[in-house]
Structure formats: structure tokens, C-alpha cells
Amino acid sequence: MTLLRRVLDRHWYAWAMVAPVVLVLALLVLYPLARGLWFSLTDANESNIGRTIGPNHIPSTYQFVGLDNYWHVLSGAEGHFYPVLAWTVVWTLICVALHYGIGLALALLLNQRARFRTGYRIMLILPWAVPPFVSVFAWRLLLNGQAGIVNKALGGLGLPAVAWLSDPTWQKVSVIGVNTWIGVPFMMVALLGGLQSIPAELYEAAEMDGASAWHRFRFVTVPSLRPISNTVILLGCIWTFNQFAIIFLLVGQAAGASSQILVTYAYQLAFSGVRDYSGSATYGALILSLLLVFAVVYRRRLGSPARENPT
Amino acid sequence: MTVTLTRSTPAVTSPSPARVRRRGERSRLASIAYHATMITVSAVAVFPVLWVVYMSFGDADAWANPAEILRSPVTSNYGAVLRQHDGFLTWLGNSLVVAICTTLLGVLIAATAGYALSRMRFPGHRPLMWTFLVTQMFPVAILIVPLYNILSTLHLLNTYAGLVLTYCTISVPFCAWMLKGYFDTIPVEIDEAGRIDGCSPFGTFWKLVVPLARPGLAVTAFYTFLTAWGEVAYATQFMTTPDRYTLAVGLQTYVGQFKAEWGAMTAASVMISAFAAAVFFGVQRHLVSGLTAGAAK
Amino acid sequence: MRRGIAFLAVTVALAASGCSGSAEPADSDSGTITWWDTSDATTEAPTYQALVAQFQTQHPKTKVNYVNVPFSDAEQKFKTAAQGGNGAPDVMRSDVGWTPAFAAQGYLLPLDGTPAVDQIGDFLAGPAGTAKYDGKMYGAPQVTDTLGLLYNKALFAKAGITAAPKTWPELKTAAQALKAKAGVDGVYLNPDSYFLLPFLYGEGANLVDVANKKITINSPAAVKGVQTAQDLVESGAAAKPAYTDGYANMQAAFKDGKVGMIINGPWSASDIFAGKAFQDKANLGIAPVPAGSTGQAGSPVGGHNLVVYAGTKHAGAAEQFVQFMTSAASESTTAAKLGTLPARTSAYTSEVTANQVIASFQQAMAIAQPRLALPQASDLLGPLSQDYVKILQGEQAQAGLDNSAKEFAKLLPGWSAP
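Residues numbered from 1 in each chain as written. Chains lettered and ligands numbered in written order. Predicted model: local features only at pLDDT ≥ 70, side-chain atom pairs only at ≥ 80, totals over all residues.

Student: Could you give an account of the overall build of chain C, with specific residues and numbers?
Tutor: A count of helical and extended segments in chain C gives 17 helices and 15 strands. The C-alpha atoms of chain C give a radius of gyration of 23 Å, which matches the 22 Å a tight globule of 418 residues would have. If you line up chain C on its principal axes, its C-alpha atoms span 70 × 50 × 50 Å. By residue count, 60% of the 418 residues in chain C fall in the buried class. Long-range pairs, those at least 24 residues apart, make up 73% of the contacts in chain C with a sequence separation of at least 6. (Helix = DSSP H or I, 4+ residues; strand = E, 2+ residues; numbered from the N terminus. Rg over C-alpha atoms; globule rule 2.2 N^0.38 Å. Buried ≥ 20, exposed ≤ 12 C-beta atoms within 10 Å, placed from the backbone. Contact = placed C-beta atoms within 7 Å.)

Structure follows, in C-alpha cells:
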């Protein structure tokens, strides 16, 4: 009893201060998550879920089906999971690689003293300032097969027009390109911040030891950037894997059937045709599991960021 | 032969000084290459936005014939978009209301938790941090169906409250995680000084730490605002009538499967972008430091 | 932090109370009703809004809140609103394919015996059939339409084509002539499954066989039909369709005189007449869709019904509004201004039939086939669109249709597949 008393005395302030967040998380995140997982264990869809509309009372008739949905999806019987997963993984890897690579290159360039540096920086941040749903529509206009300026420019150069938003392969190139255009500024700014916090003495010391530019990059820049690189790459992977807006708005859902990633496909299950709530929830649970596994593996290999100190 | 360096370090003999160059300076060629690269990349970054501005001066069919705009530009798109009933101005208002409420709720609710996590080692702090990280990984897909059902039962679909609550599922964990990082950068000595002066932990938090963390709070609030402002999936499903659409949903009504009102869409886009860019560039200088301090944990 | 919770609680309470339906007296025709109109916002909406204004002068106690919802999103938005009981309209302009589906889900009020469907015998048989479900009438037909072959007469003259093609092979020849002699694309096929139906009907095929509960989308006849479309695209007779914004690109190209023929319905007429190539309305030619190898042509009966939401609080006002909007006078006005086909016999006044677009489409209606009497009918079109896109991109027609059949089987459990 006194132990409990002591524990309470010591920590009640802390618990009181985290109480609002815990409450919000429990109500808004954990409860819906539990409900979502429950749906994934049933065959709930639009027709059998209970509803009362005016004089019409329709009872719930959906049933518990256990792990049937998961088996149906993972065994390939449903037919869409593996192709969509493969493309989602490819999409994530290519996008993050491009984001990081181009972001780092631009950050290094912007870190140099040069005239017009501020001007370049402002122009390069513009894709980040514009809300994504606006930029995607801008690109949809630019890449329009018939009337888009990109194809007209290609035509002007004598090259054949490319079906950017129609051909399955070019669609994939287009979404990766647009995502890169939108996502590079964030990486660039984050890495630039990291670069600017590297003390100049490190570079001078390396130079005095006779290191070339490449060696300085490899042995001073890269290690110093490691903490921030790890964070932005992890964030980048998660955000890209779950990136909804770009594919949803650029290629739509009917035309973009071959370019759907897991999240847009799950959304399509839930909100088009006969709404399949259980199927969508199943996909959602699978996506979350994949990301959890990835995050655990990633952090294990690189050390836990939550414990690192910012010095 | 000695070469004078730009910094005050002892003179160093340069191995083969064919042409003396100051340390850190580039050759002519490198300079041209540098600027050429930067100009090209900047052009790629800026061109789509400029194109949208150009197209906003075309009439309904101008998107198929862009060159025509040079011949006969029109400004009617802006007027039409602004005058539209339950149109752009309504959506802008809705987006602002939802984003501001989400930001306020997120920062207010999460601030104390971030502080507690940063300073106090209480039982359950490790799982809580993990929960924050994990909830940020949630795809839209896992929560959208149950939230849709819950909001539907509570008759909160197509209301501000429903959407703000939904966005809180994203903003609260995110704010808590980022704010913990910011509070970590504030020296513990401040807290000790407060305790010596007799303040309760909450008093220390409110009177001493929060003023110092204001930049961090501002940056967190900004990121939260950006996320809520640009969210597409939940807004598209939960807001069903045009008088409640946010900008993300409203913009989709111009261009769909059977219509392509690119003139109106580009005019609305320009107005949104101008507003967003103005806010962004005011804050952008702080974003660099903000990210490194808060996120590099 | 405690402030945060209080804020949250107050916000929720305020919003919940403010946004639940306001308690208005259930008078027969007073109150505010909301109408979701799915017509084109720029070309068709003004006409409908004028009619709404007319209704309000005749019924001063009723206020109509006009909301234009894009057609492509309307079905899902209505379902969300109807299920959630929040923000659902009182009256909705529902595509004929959606009406049985909405009725089956319990979202609609049956209208038999109400003022909404007065003079029920005046409705054309086809449209009236689409508004029925389970023996009850759930909608009042407002417009009917079908797909037809639209062509540019000037380009035809340039290519030396004297008459509209009557079969698909004739269409292919005409398209090739247009390419060779007039330098434009022959035909533009919208890569959407609804626009695939003429190809299927031309071979006597259909998505499913309702009477025998069979899925027939992958029958040999259907495969032949799809292959006709595929061949048109692959041979170059048809322009390469855009899969994103396909409809918009089709319209833009036709209006600009860059393509000679398209397959579309009467709703597009007002948009077409705004285009460069059709400033002279006489330049637009309209013919029934070409026939397939069976010698028969077929196009789907489309159109819209006005339906009443089951959870409406102003059923009386809603029904009166529906009656007004589907009256012979209203339908004639719409027809005269927009070139849509009325769904009432008495609405076909001489003024209406004098309209060239309407007269031509009336002829096209002669070969129109009624929709499947099935609530899931419009849901079948979604998966078929996805496979149609893949087929046009090069997939084998049989494989693509077999996949569609599999998807159909999920929507129609218990039905047999070949």
C-alpha cells in the first residue's frame, strides 16, 4: 500500500500531464483501430451493416469470419495484394532514393557560398510551399496526353508524344516523378540544416590532414549527417509508403488500376462500388503490420532514435 | 611560397600553385557549371507553378490550345471562382477553420505530454513514446473505415467537429513527439531553478519552459497546420456537401471523370498557392533549425 | 491541457447539436429542401436553376437549396451522406443505374401514390422501368438518353464520306478515310465501360443474363464485341485514348475538329456547341451507334430519375418539387434548352421534336436496350472499366473479360459463370 502510495506521489504529476494525450489517443486512435481490426475479422460491407434511414430500419447482418479475410488476401486468392505490394515497395524505394539523393546534392550545392543563393533557395522550396493537392493537379495538366505542354514540347523537338498518364509504365514514371518534385524540398531543407550544423573545424582539420574533397565528404559530411539522415529516411519511407494524394489525384482510380499502391487500393475497396469495409480494414491492418516490422528492423539496425541525445 | 588563407590559420604551403586561388573559391568553369545546374533545377521546380498561373488566364477550352492564351487572355476565371456560391471562398474558410482547430488542439493537448516525457521518467513513458511513433505510421486505410462508421453513428459526418477530431488522430501524436524533442533541447537547469524557487512542476512548465520553447511550439504548430491543410483522403470522404468542402475536396470538383474546368481550377490553384507561399516564405527560415532540433532524435 | 479537453468537449457538443437536423414542422409543403443536381455545372446547371426559381415562385413557402454535385462523385457522396444521416439531400438526381441500388440499400422513399409520380402512365416505358425496384416506384424519370454516334459533317465531306457508318467495319473504313484524306483522327473511344456497351450489344452480348442468373461478360459474343473496340484502337483507326481525363480529352478533340467521330449522349450537345468546330450547329451529325456482326445495333438506355431520400424531414415538399421538375412543362423546357430527351410522352411537343439533336437521338432511342433489372447493375461497370482499360492497353480480351467475370462473381454470389 505504501509502495503504491509512493509511486503515485512521485509520478502523479507526470501522469496528469500526459492524461489528455492518452485520452485522445485511446478514444480517437486505439478505439477505431480496435474497431477496424474487428471489421477485418468480419464480412462487413455496405449491404449488411446496420443503419436507420427515416422509416427504414435495417439491422446488422454481418458475421464474424475469423481470419478468413487475411487468408483470402495473403494466399493470393484475392489476386491483388502481391502485385500491389510489389509496386508499393518499388515505389517507396525509388522515391526515397531520389528524394534523398537529389535532396543531398541540392543541399550540398546550396551550402556553398554563391551569388543568388537565396534566390535559388526560394525557388527550390516553392514545390514544398504549394499544397500537394494543387501541385498534383498542375502536373495532371502538364502531363495530359493530348494537350499537356510536356508532350507539346516533345512534339516540338520531333519526339513522339508519351502517354504519361495512360500507359501503365509511363504512369509509374509519372507518379514517381511528381512525388520526387514534391518531396525533394523537404529533404533538401532538412539536410541543409544538418550540413549547416557541422562545425567548420572538422573540415579544416581534415583538409590539413590532406583529405581531398571526396574524402572530406565521405569521412566528415556523411557521418555528421547520419542522425538526421536516419530520421528523414525513416520518415520518408513511411510517408511515401502511405502517400495517398499523389496517386489518387494524378491517375484516378479506374485508369490507374495498375499504379495503385496499398493505401489507395484499400481506399478504393472502402469507397467505390459496393463498399467492402472488411476488405479495406484487412488491407489497412496488413499495411500497418508491414510498416511496424520495417520500423523495428530499421531502428534495430541503426540504434533507437528515441534514446539518442541531441548533442 | 605562401598562400594567404581566408581564415586566420597559420600559412600553409600550397603544393603546386599554378594559379593562386583563394581557399573555397571556384574556378570559372565550376562557377558556370554551378549556376547552370542551379538554374536548370530551379526552372524545373518553378515551371509547373508558372504554367498554372499562365493557364489561369485562359478560357474554358484554352487548356487544349495553350498558345491561344497569348492571343486572348481572360481574367474571368478569377471572378467566376470567387463569385461561385459555396465555392472557393467557402472552401478556404472551411480549410482555415479545420486547420486552425486541429493545430490548436494538437499543440495544446500534446504540449504537457511532451514536457512530461522529456523531463520525467515515469512508468509507461517508453510505451507511450513508441505509441506516438507507431501512430504516425498508420495508413489512412486502417482508420478511415472505423472512423467513418463512428462519425456516422454520432452524426458528425460533414461537420467541422468530425473532421477536426479525425485530424487529431494524426496531429496529437505528431505534436507530442516533436515537442518532446524540443523540450529536450531546453536545459534541465531551468527546471531546477524553478523548483528551487518553489514552483510546482506545472508552474515550471508554464512559466519558465514554454516561453523558451516558443520557436519549437511555433514550428510544430506550423507543420500540423500544413498537414491538416493538405489532407485529402479523410476530407474527400467525410465532407459531402459543397458548403463544407475543404480546399482539397473543392478543387477536385473542377476536374473529374467527365469534366475539365481547367480555367477555374488553375485560378483557384493560383490563389491557394499565393496564400500558402506567402505564409511559407515568412516562416521558412525557421524551418531548417526547427527540423534539426526537433526531429533528429 | 485541461483547457484542451474542455475545448474539445465544447466543440463536439456545439457541433453535434448544431448539425443535427433542425426540427421544423412537418408541413406538407413548407420548409427548406436540398436538391443535389448532377448536371454539368457550366452548361446545364443554369437551366435547372431557372426551373428551381420558377418552382419557388409557385410555392413561396418552400425554399429549395440547389447544390451541384459532379456526376462522377455523386453516387459515393450520396451513399456516405445517406448512411450517415448527415447532409443527405432531400431530393437527388439519380442516374438510372443507381436508383435500384439506392432503393435496395434502403436509402429511398417509395413514391407510389404520392404527388411525385402523378400521371404515371405518361412516362415512357423504358425510363419508368428503371425507376422501379421490387414492384415499387422509387423515382420519377426526369430525362432519358442513349449513346449515339456523333460526327463532324464538314470532316466527313472532306474525307468523301457520304453517310454515317452503319456497322463497325464501316466505321473503321470511315475512320481510316478521315485519317488519310482529312488528316484527323477517325474516332475517339472513351475508355469507360459504359461506352463499351454498344460494342457488346452489337454482338448480342450483355454483362449478365438476369433471367438465368448467369454471368455472360466473358462469353464468345462479348469477347468479339470487345475485340472490335480493341482492334479500332490498335489499328490506329481510333485515336489513342487517354485513360486519365479520357472523356474531357475526347470532348476537347471533337470540339476542336481534331477527331471526326465520337460516341456520346445528348447531354454533351450543349458542351459540343461551345466548341470551335460546331459554331454552326448544323455541322453536328447524329446517328444511331453502328451494328455489330449480328446486324443489330444496341445502345444503353440511360437517364436520370429524381429520387427522394428516405430520411427526409420534408417529404411533402420534396414530392411536390419532384412533381414540378418532372412535369411535362419542365421536361419540355429542359429539352428545348439543353437538347435532353424528356421522359414523358406529353413533353414531346412540336418545339421539342423540332430540335435537331432531340430528333436525331429519338431515332437512336429506337435501338436502345433497357438496363439490367438488377440493383448491382451499375456496380458491375466499375470492375469492367478497369479491365477494359487493360484490354485497350494490350491485354488479351478473353483474359481481361475472364477477370471481369471473376469480379462480377464477387458482387453476385451464387450466379453461375460459363
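Now that the structure is up, let's keep going.
Student: Explain the overall build of chain A to me, using residue names and the numbers behind them.
Tutor: Along its length, chain A carries twelve helices and two strands. Ordered by position in the sequence, the α and β elements of chain A form the string α-β-β-α-α-α-α-α-α-α-α-α-α-α. Projected onto the principal axes, the alpha-carbon positions of chain A cover approximately 80 × 80 × 35 Å. In chain A, which comprises 311 residues, the proportion classed as buried is 46%. A fraction of 63% describes how many contacts in chain A between residues 6 or more apart in sequence connect residues 24 or more apart.

Student: Describe the interface of chain A and chain B, with residues and values.
Tutor: Taken together, the contact pairs 77 residues of chain A with 78 residues of chain B. The element best represented in the side of chain A that touches chain B is helix α1 (residues 2-40) of chain A, accounting for 17 residues.

Student: With reference to specific residues and values, describe the interface of chain A and chain C.
Tutor: Taken together, the contact between chain A and chain C spans 28 residues of the former and 29 residues of the latter. Those elements giving two or more residues to the side of chain A that touches chain C turn out to be α1, β1 (51-53) and β2 (56-58) of chain A. Taken together, the residues of the side of chain A that touches chain C sort by class into 15 nonpolar, ten polar and three charged. (Nonpolar A, V, L, I, M, F, W, Y, C, P; charged D, E, K, R; others polar.)

Student: How would you explain the nonpolar core if you had to name every residue and give the values?
Tutor: Formed by 304 residues in total, the largest nonpolar core has its most connected members in Ile144(B), Val187(C) and Val308(C). Top element by residues in this core is helix α7 (residues 160-184) of chain B. It accounts for 17 residues. No fewer than three residues from each of domain 1 (29-144 + 302-369) and domain 2 (148-300 + 373-411) of chain C sit in this core. Excluding residues that lie within four positions of it along the chain, Val187(C) makes contacts with Leu171(C), Ala175(C), Leu232(C), Ala237(C), Ala238(C), Val259(C), Gly260(C), Met261(C) and Ile262(C). (Core = buried A, V, L, I, M, F, W, Y, C linked by C-beta atoms within 7 Å. Domains from an automatic or database assignment.)

Student: Lay out the domain arrangement of chain C with the relevant residues and their values.
Tutor: All names here are of chain C. Domain parsing of chain C yields domain 1 (29-144 + 302-369) and domain 2 (148-300 + 373-411). Domain 1 and domain 2 are separated by 27 Å when their C-alpha centres are compared. Listed per partner, the contact involves 22 residues of domain 1 and 20 residues of domain 2. Taken together, the elements giving at least two residues each to the side of domain 1 that touches domain 2 come down to α4 (98-104), α15 (356-365) and β15 (368-369). At five residues, the largest contribution of residues to the side of domain 1 that touches domain 2 is made by α15. Residue composition of the side of domain 1 that touches domain 2, by class: twelve nonpolar, eight polar and two charged.

Student: Which residues make up the confidence of the model for chain A, and what values do they have?
Tutor: All names here are of chain A. When pLDDT is averaged across chain A, the result is 85; 95% of the residues are at 70 or more. Across chain A, the secondary-structure element scoring lowest on mean pLDDT is β1, at 77, and the one scoring highest is helix α3 (residues 81-110), at 93. Low pLDDT, under 50, characterises residues 305-311; the predicted model gives this stretch 13 contacts beyond four residues in sequence or across chains. (pLDDT = per-residue confidence, 0-100.)

Student: Outline the environment of Gly139(C), supporting the account with residue identities and numerical values.
Tutor: Residues and elements named next belong to chain C. Among the secondary structure elements, glycine 139 is positioned in strand β6 (residues 139-146). Exposure remark for glycine 139: the 33 C-beta atoms within 10 Å place this residue in the buried category. Linking glycine 139 and lysine 172, residues 33 residues apart in sequence, is a C-alpha distance of 40 Å. Those residues within four positions of glycine 139 in sequence are excluded, and the remaining contacts are Ser94, Thr99, Ala131, Asn305, Leu306 and Val307.

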